[in-house]
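One letter stands for each residue in the lines below.
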Amino acid sequence: QVQLVESGGGLVQAGGSLRLSCAASGKIFSMNVMGWYRQAPGKQRELVASISSGGSTNYADSVKGRFTISRDNAKITVYLQMNSLKPEDTAVYYCNVRYLMYDYWGQGTQVTVSS
């Protein structure tokens with residue numbers, strides 16, 4: 001079916017930057033929404049940012065001005081540029097793609113921001 005593979009996570013100091021990538025493969029309808037969610041220990045999973053096939057974006061208030069989501073429609077890949085990272089950004093970040101009646105998730109990539 002559909003597989004999503006995340007990469008780019010790691011350990012950084014507060015104020016640093018990371019760039020996450022998520023490559024999709026399989027049967028995916030061209031009109032879709034791709035996004036990034038995150039889940040910290042003991043907390044619920046939350047939407048970080050999303051982007052439609054047409055380029056419309058939305059962000060969580062907590063990351064506006066610091067994170068930028070983008071996509072490559074030819075490769076069906078979504079990116080998340082994370083700047084000015086804070087310790088509260090520490091979480092497992094999950095890639096998501098939604099189209100038609102389908103909803104797919106990646107396995108997650110760990111982002112740890114030290115204080």
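A brief report on the enclosed structure follows.

What counts, and at which threshold
Residues numbered from 1 in each chain as written. Predicted model: local features only at pLDDT ≥ 70, side-chain atom pairs only at ≥ 80, totals over all residues. Heavy atoms only, no water. Salt bridge = Lys/Arg side-chain N within 4 Å of Asp/Glu carboxyl O. Helix = DSSP H or I, 4+ residues; strand = E, 2+ residues; numbered from the N terminus. Buried < 20%, exposed > 50% of the residue type's maximum accessible area, 1.4 Å probe, protein only. Polar contact = N/O pair within 3.5 Å; in protein donor to acceptor, adjacent residues only side chain to side chain. Contact = heavy atoms within 4.5 Å.

A look at the pattern of salt bridges
When their charged atoms lie close together, side chains carrying opposite charge are able to pair.
So, point 1. If you walk through the whole model with that rule in mind, you get 5 salt bridges.
So, point 2. Between R66 and D89 there is a salt bridge whose closest N-O contact spans 2.8 Å. Taken together, the positions of R66 in the loop between strand 6 (57-59) and strand 7 (67-72) and D89 in the loop between strand 8 (77-82) and strand 9 (91-99) put the pair 23 residues apart, joining distant regions of the chain. In this pair, the class of R66 matches that of D89, namely buried.
So, point 3. By sharing partners, the salt bridges in this structure join R38, E46, R66 and D89 into a single network.

What about the side chain of S50?
So, point 1. Along the polypeptide, S50 turns up in strand 5 (residues 46-52).
So, point 2. Here the side chain of S50 touches N58 through a polar contact of 2.2 Å, side chain to side chain.
So, point 3. S50 has contacts with V33, M34, G35, S56, T57, N58 and I69, leaving out every residue within four places of it along the chain.

Thoughts on the environment of T68
So, point 1. In this fold, T68 is placed in strand 7.
So, point 2. Contacts of T68, omitting those with residues within four sequence positions, involve Y59, Y79, L80 and Q81.

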